[in-house]
Structures are given as C-alpha cells and as structure tokens.
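Secondary and tertiary structure notes
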Amino acid sequence: MEGDLFTVALLSSGLRLATPIILAALGGAFCARAGVLNLALEGKMLLGAFVAIVATFYLGNTLAGIFVAVLLGGLLGYMFAFFYLKYEVNLIILALAINLLIGELTVYVMRVLFGNVGSWSDPSIQRLPDFEIPLLSSIPIVGDILSGYNFIVYFSWLACIVGYIVLFHSKFGRHIRAVGENKQAAETLGINVRRVQVSAMVIAGMLCALGGAFLSVGHLSLFTRNMSNGLGWVAVTANIFGFQHPLGVLLTGYFFGLAEAFAVRIQNVTDLPPNLIQLLPQFATLAALILVALREKANLALIRRRFRRQLARGEMQTPVAGD
Amino acid sequence: MANAVELRNITKYFPSSNVLANNDVTLSIAEGEVHALVGENGAGKTTLMNIFYGLHQPDSGEILVNGQPVEIHHPDDAIKLGIGMVHQHFKLVPSFTIAENIMLGIEPNQYGMLKKKEEAELVRQLANDFGLPVDPYARIRDLPVGMQQRVEILKALQREAKILILDEPTAVLTPQEVKELLAVVRNLAQRGRTIIFITHKLVEVKDVADRLSVMRGGKMIGTRSVAETSIPDMARMMVGRSVLLELDKKPATPGQVVFKADNITVTDASGLPAVRHISFSVREGEILGIAGVSGNGQTELVEAISGMRPVEGGTFTFVDKDITRRSVGERRKQGMAHIPEDRIKIGLNLETNLDENLVVNRYKLPEFNRLGFMILSAMKRFASFAVKQFSIAAAQPGEMIATLSGGTCRRWCWRVSCLASRSLSLPTSQRAVWMWAALSLCIGRWWMCGTGRRRCC
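Worth saying up front: this structure is predicted, and the values here are computed from it rather than measured.

Definitions and cut-offs
Residues numbered from 1 in each chain as written. Chains lettered and ligands numbered in written order. Predicted model: local features only at pLDDT ≥ 70, side-chain atom pairs only at ≥ 80, totals over all residues. Helix = DSSP H or I, 4+ residues; strand = E, 2+ residues; numbered from the N terminus. Buried ≥ 20, exposed ≤ 12 C-beta atoms within 10 Å, placed from the backbone. Contact = placed C-beta atoms within 7 Å. Pairing = 2+ DSSP bridges. Axes fitted to C-alpha atoms, helices over the stretch in contact; angles between N-to-C directions. Core = buried A, V, L, I, M, F, W, Y, C linked by C-beta atoms within 7 Å. Expected span 1.5 Å × (residues − 1). pLDDT = per-residue confidence, 0-100.

Examining the overall build of chain A
A count of helices and strands for chain A gives 13 helices and 2 strands. Considered along the principal axes of its C-alpha atoms, chain A spans approximately 90 × 55 × 40 Å.

So, in structure tokens, the structure goes:
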C-alpha cells in the first residue's frame, strides 16, 4: 500500500494488458467488416493461450509454441466459417458453443496431460523475452511507456496499422467491406463472397490465438482454467466502441487495458475492497456500450430538434394541399 | 440481322413455391435492338432474365449468345460473355463512392494495393465516353435514385457489356428521370449495344423499343414489332383478353366529411421531415387518390393515418373525434382499415392460417373469444362464410396463408380490411393493368354500397 496512483508504470502496464484485447478486437473488426458477427473471440483466445503453453512445453521453444497456437487459431476460425457458410448454423449459437466447448476442453486436456485442474506451469517454459527499442528507449518517460515489451505487444500496434491499410487501401480489404455491406453487390460482380468471409474469419482466429498466447507465455508463464476470463468479450465491446476500425480498436483496446491496469493499481495503493475494484473494467465496458448507444440516439434527437425549431419558426416553405 | 441472344425452350420450376415460372419459353433478340420484355407481375420475365444472367439454372432449354450455345452457371460467366444486368433493386454498396462501386472486383492495383486516382480517372473517362457524367468521388448513399441507376448502367458498361438487361428500370424513377433514362437507352442502342428492357408500362415500350415480346403466366405469347402494334393490342396480349381500361361507375354522391387531416407533419425513420403541413378531408362515399413517386412521403402519411407512426404536428379527425393520439387498434375499432402496400409483410401473418388472419382485427369481439381464449369453431364458421361470400378460389378455411398464391394473398388481405370498415387507405403502386382494374372495381363496389355497414363487397 504505497506510492502514487498515476504513474508511468500505470500507463505501460495498461499497454501490456491491452495487447490481447487489441489483437482480438482487430480480428473482430475484420469479421464485422465482412458481415460476420464474431462472438467467439473469447473461445479462440482461450484456445490460443492453452495451445501456446502446451506447444512451448513439448517443443521447448516459446516462439514455436506461439506459432502452433496461431495456426490452430486460424484452423478454429476456418471451422467457424465452415459451419456458418456450409451448414448455415446461427452465428450466435455457434459462437456460444465454441466458447463453452473450448472452456471445458482446455480443462479436460490439461487434466489428461498433466493431471492438473486449476492451473498448470512447468519450470522449463520460458516467458517470451522483453526487449528495448534502440533510440526510443533512451528518451525519458516516452521510452518507459513505449519500449520494453515482448514482440507480441509491438506486433499488436503494427497489426492495427497494417489492418487499417489492408481494409481501406487494398483490393482484398475493399472486397471485405463490400461483402459486409452488400453481399449481393459483391456477388453479382463475381467476387467470391465465401472466400472473402472465410479469410476474414481465419485472420480473426489467428489474431485471437496470438492474443491468447500473450496471456500464457507472453505476460506470464502459466495456464489457468478460463485464463481469458472475459477478455474476449471485452474485445467484442472494444470492436463496437472502436467502430470496427483498426485504429479505433487500437485506442479503445488501450482504454480497456488501462482500466484493468488501474484496477490492479488501485488495489495496491488504496484500502478499497478488492472485490469491488475488480469490477472496474466491467463497468468501463458497460459505460462504453452505453456511450455508443447514446451517440446514435443523440444524433437523431439533434436532427429532430433542428426540424422542430424550423417548424416552430414557420421556416418550412411547403405547399398545403387543399380539400 | 444476326441474333445476339437466343433462348430456346427454357423451363424453370420452383419447387419451394410450386410455381412453373417459365414454361417452354423461346425468345430471340437481334443485335443492336431495344427489345421490350413485357408481362404482368409474376409472368416470368425476371426469372427468365435471371436464368440468362446465371442467377438461376433452367430445368431444361438452351441459351445461345451470338449463335454459340453457352452454359451460364454464375454471373461471372454472363459478365465474360458480355452480358450486363441492372437489377430492379440496385446492387450497390452505399458507403462506397461511385468509382469504388463501378470498379469493384476489377480494381486497378499494384501488389494488391489500390490505385485510387487511376480508378477515378477511368470512371470519369468511361462516363464521358457514354455521355453519362458522374462525380467519381460522390458516395452512393447521398445520390438520388436516378443517379444510382446510372452507376449501375456504367458498372455494366465498364465490364464491356454488349447485351444490357434492364429489369423494370423505370419503376423507381420520377417522370423526368424516366425521360433521361429512355434517351440513354436509345443512345446505347445506337452505339451497337443490345438492350433487353423489362417493363409493364406500355407507353415506355412504345417510346423506346424496336420490338416487344409478351409473357403471360410463364409462357411466351409472342413477339411483335412495336411500330405495328397499338397499346390496346399489347395490353390484350399481356392480359389475354380485352382490358377494361374504363370503369363503369355512377357519379359520386358524397355526404358529410368523415375524415380530416389538418396541417399534418410527419418525420421519417431518420428523423427528417417526410410529410410537411398536409391538410385534406374525405367525405362519406368518396374515393380520394393521393399520387406521387414513391419516397415522397406517401408511406409516412399512410402510416400516420393508420396510427403506426406518430405525427410531429397537426390533427386527424375521424367522424368528429380527434384520433391523432389514438392507437392502431382504437382506430380500427372505430371503423378504419388499412390495406398496406406490402401485403405479404405487413398485411398478413404467413405463419398462421386463413381463419386467424381473418379475425385478426376482431378477435376481441365476444363472439370470437371467451375469457381470453379464442373460440376456434366460431372462427372457422366465420372463415367459411367469408370464403363463400367473396368466392375466393383455391382457399379453404384452416388453410395456411403461406400456401396461397401472391394474388390470392392480396385479395385475402383485402377482405380482412373490407369487413367492417368505414374508410380505407390503400396504395396501388406498381399494379399491373388488370389488377388495378380489379381493385378499382372492388373499391367501386365497396363504395357503392355505402359506408358504415358490415356487409359491403
């Protein structure tokens, strides 16, 4: 119980905690732009976390473990697409099924392989190393905030920028957006709607898995039951709050990361009951969703008020039909 | 003259709706002509063209383009053969610009990255070549319908379409836009494009087409030269008998005012004004027509009158009572009915049977329910009474609405509203000739027997 509440360390731990949210939300943004509601971010993230640590254990190399996790995440994304496009399974039901299935499956496999139920770790597992960016790290404060993370953190920033360029400045991205906004328009012009949607879902699966891998071998070096712990759902919110825009998602992802860091920090420096404080990120999520909803309503109200004012002033010049 | 297109003995059956949409249809279209394809709603015109464009597969028959037999499985195949289609409902991406829509799928790019300047330049050039100027950077959602249609036409031309199918292109346009479109169509024909013009507006056929082919009930009735065929002859081919274009109706003897709209203002779904300060009144025994191109506030006005949409200002008076704030149910109870434009979506519940649809506006009456439970036998009796009374063919009490044909559905919707109504608001948009005649006849009869009585038609 010591120290200031607002410190540079708070900002940098916010960035760290934001990483899985940003990655998953970016995946969600790709899906949303392709017209697919992806609520399975949570399950895909959890799969990534589990596979990354198990593969690292067996392969003896953290990077190889992450690679396997990303591949399996892509495969899960493909399965999601397959059930949706081939059998037209309802997207919400499908997503809930995947989330529940992965949640139980990871516990089952953990028990079969290692005999543990709650959490598992092994001394041989190396956490992904942090590294400093030359030059940047030597700048005071800025260097402390922007430097000194592992490669997944840097990758999440880069992925958002690349995601923006792909979505808005590449042929592939334009096809994604066309499919999402008017499927028939794309179809009648000979764009393969299925292939575009499958690609978007595979990309989302890979990004989510990478976010999950960050949890198990990037941030810590252990796996616990239900490790993603709702972060996938926070990512769904971050995606909506960020208007399905890669750069928007970068900002909203950081906002939620900061909320989590703040909750951790506040527990260390104050005597407020920890159970209440742990709800802080969830409250931030709720507030964000309400803000998005209000924004649309406020727009409408504004237009209506302007119209009524004109009406009251009698500025509407319109012919009146006779009897 | 060589034939650009030949469709031979095309047959298409839709098992889901049990409709034989095309029955052994044969059609030849000469190169460089404007060929009108006419017929009533549901005659099979659109199905035939969707087959030609690769959106449906025929059950039998063959397609020849420039004398060569071809297989068209997908719009891609059609585009490669130089066939372009402007659908009745536009296939545009609203948030994209004109250039982005036209070049979708064939974007100029380098390593997958878009070249947006080049793209806009290409579109500008194409537009100027064909005398159809557009702003390549304007967004589709900000454009009027006529301009959106122009984008659709340019889209087909950019893909080097030699054969252009226009599916009811004038249905959504204002008279001015129609004039412009017809000029564009003639101009394209002069440049050697072959145009198939689907419509049921015979005046336009006379204006723009070289030949016309008439379809009725999924069959090809015949092909004629437009110059040698009069409009009444075309109508006869379409309907299969002489069309009663004039209604034999006694002069109106209106009574006192029953419905009054005073200074009514209504906003549309986005909060923008759709109806501004409209006043009118309807007298007993009178039919009042409200005309206008769709999207000019009629829908909002009708919804406001029927009580589905709140008004921003003004009052409605119905038989000396202010009903401005009354609910739909209360308005109906007072003897007002509404036959919606989209009868299938709003007018009927397709999931249930005839009986339930028929009592939907009177199920609260004591003869149809006891302590909140519906009396099925009374409903059935009422349904058989209605079926007999209105001689609706192919309808049995207890039958599911979804199994009825579109026309029958429409008539049912009518009956539901006609029984026990004092005033009606109804749209007659896009009805084919005979349907309009039949509807008028029906309103005419309803009107002639006076108002305020239960038994009308």
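From this point, the discussion proceeds with the structure in view.
A short note on the overall build of chain B
When you go through chain B residue by residue, the secondary structure sums to 15 helices and 20 strands. Classification of the 457 residues of chain B by burial places 35% in the buried group. Put simply, 66% of the contacts in chain B that link residues at least 6 apart link residues at least 24 apart.

Brief notes about the sheet that holds strand β9 (residues 163–167) of chain B
Residue and element names in this part refer to chain B. Spatial ordering of the open sheet is given by β6-β9-β10-β3-β11-β12, a layout of 6 strands whose pairing is mixed. A strand with exactly one partner marks an edge of an open sheet, and here the two such strands are β6 (83–86) and β12 (219–225). Sheet twist, expressed as the mean angle between neighbouring strand axes with direction ignored, is 20°. The strands touched by helix α5 (residues 145–158) are β6 and β9; relative to β6, the strand with the most contacts, the crossing angle is about 170°. Sheet contacts for helix α6 (residues 175–190): β3 (34–38), β9 and β10 (194–199); angle to β10, the most-contacted strand, approximately 150°.

What to know about unusual backbone geometry
Even without a glycine there, the phi angle at Q244 of chain A is positive, about 50°. One can find Q244 of chain A in the loop between α10 (231–241) and α11 (246–269). The residue E160 of chain B is not glycine, and still its phi comes out positive at about 55°. By secondary structure assignment, the location of E160 of chain B is in the loop between α5 and β9. E160 of chain B gets classed as exposed once you count the C-beta atoms within 10 Å, which come to 10.

Notes on the nonpolar core
Core analysis: the biggest nonpolar cluster contains 162 residues, and I21, L26, A49, A69, A200 and L207 of chain A together with F197 of chain B have the highest contact counts within it. Of all the elements, helix α9 (residues 193–219) of chain A adds the most residues to this core, at 16 residues. Ignoring any residue separated from it by four or fewer positions in sequence, one finds F197 of chain B in contact with V34, H35, A36, L37, L166, V185, V208 and A209 of chain B. Grouped together as the second largest cluster of nonpolar side chains are 18 residues, V258, I278, L301 and V302 of chain B included.

As for the interface of chain A and chain B
Chain A puts 26 residues into the contact, and the matching count from chain B is 31 residues. The set of elements that each furnish at least two residues to the side of chain A that touches chain B consists of α7 (171–181), α8 (183–188) and α13 (280–313) of chain A. The element that contributes the greatest number of residues to the side of chain A that touches chain B is α13 of chain A, accounting for 6 residues.

Regarding the sheet that holds strand β15 (residues 313–318) of chain B
All names here are of chain B. The 4 strands lie next to each other as β14-β13-β15-β16, forming an open sheet whose pairing is antiparallel. The strands lining the two open edges of the sheet, one partner per strand, are β14 (273–283) and β16 (321–322). Of the pairings in the sheet, the one linking strand β13 (residues 257–267) to β15 comprises 5 bridges and is antiparallel in character. What sits directly across from D262, in β15, is T315. Packed onto the sheet, helix α9 (residues 298–306) meets β13, β14 and β15 and runs at close to 60° relative to β14.

Here's the deal with helix α4 (residues 91–114) of chain A
For an α-helix the count is 3.6 residues per turn, leaving residues at separations of three or four pointing the same way. All names here are of chain A. Its 24 residues place the ends of α4 34 Å apart at the C-alpha level, agreeing with the 34 Å of an ideal helix rising 1.5 Å per residue. Those residues of α4 not exposed but buried are L94, A95, I98, N99, I102, T106 and M110. On its buried face, α4 is in contact with α2 (41–59), α3 (62–87) and β1 (119–120). Remark: G115 follows α4 within two positions and exhibits a positive phi of approximately 75°.

Points about the pairing of β6 of chain B
All names here are of chain B. Neither face of β6 is open: one carries I83 and M85, the other G84 and V86, and all of them are buried. Of the strand pairs in this sheet, β6 and β9 are connected by 4 bridges, and their pairing is parallel. Looking across to β9, one finds that M85 is bridged to I165.

Regarding the confidence of the model for chain B
Residue and element names in this part refer to chain B. Predicted confidence across chain B gives a mean pLDDT of 78, with 78% of residues reaching 70 or more. Mean pLDDT across the elements of chain B ranges from a minimum in helix α15 (residues 433–448), with 40, to a maximum in helix α3 (residues 98–102), with 94. Within the model, pLDDT remains below 50 along residues 419–457, and this stretch shows 67 contacts once partners closer than five positions in the same chain are excluded. Reported confidences for the modelled complex are a pTM of 0.75 and an ipTM of 0.80.

With respect to the pairing of β14 of chain B
Sheet faces and side chains relate simply in a regular strand, where the side chains alternate between the two faces. Residues and elements named next belong to chain B. Summarising the sheet, β13 and β14 pair through 7 bridges and their orientation is antiparallel. Along β14, the bridge assignment pairs F259 with V282. Turn length for the β13-β14 hairpin, with the two strands adjacent in sequence and antiparallel, is 5 residues, and the turn residue G271 shows positive phi of about 90°.

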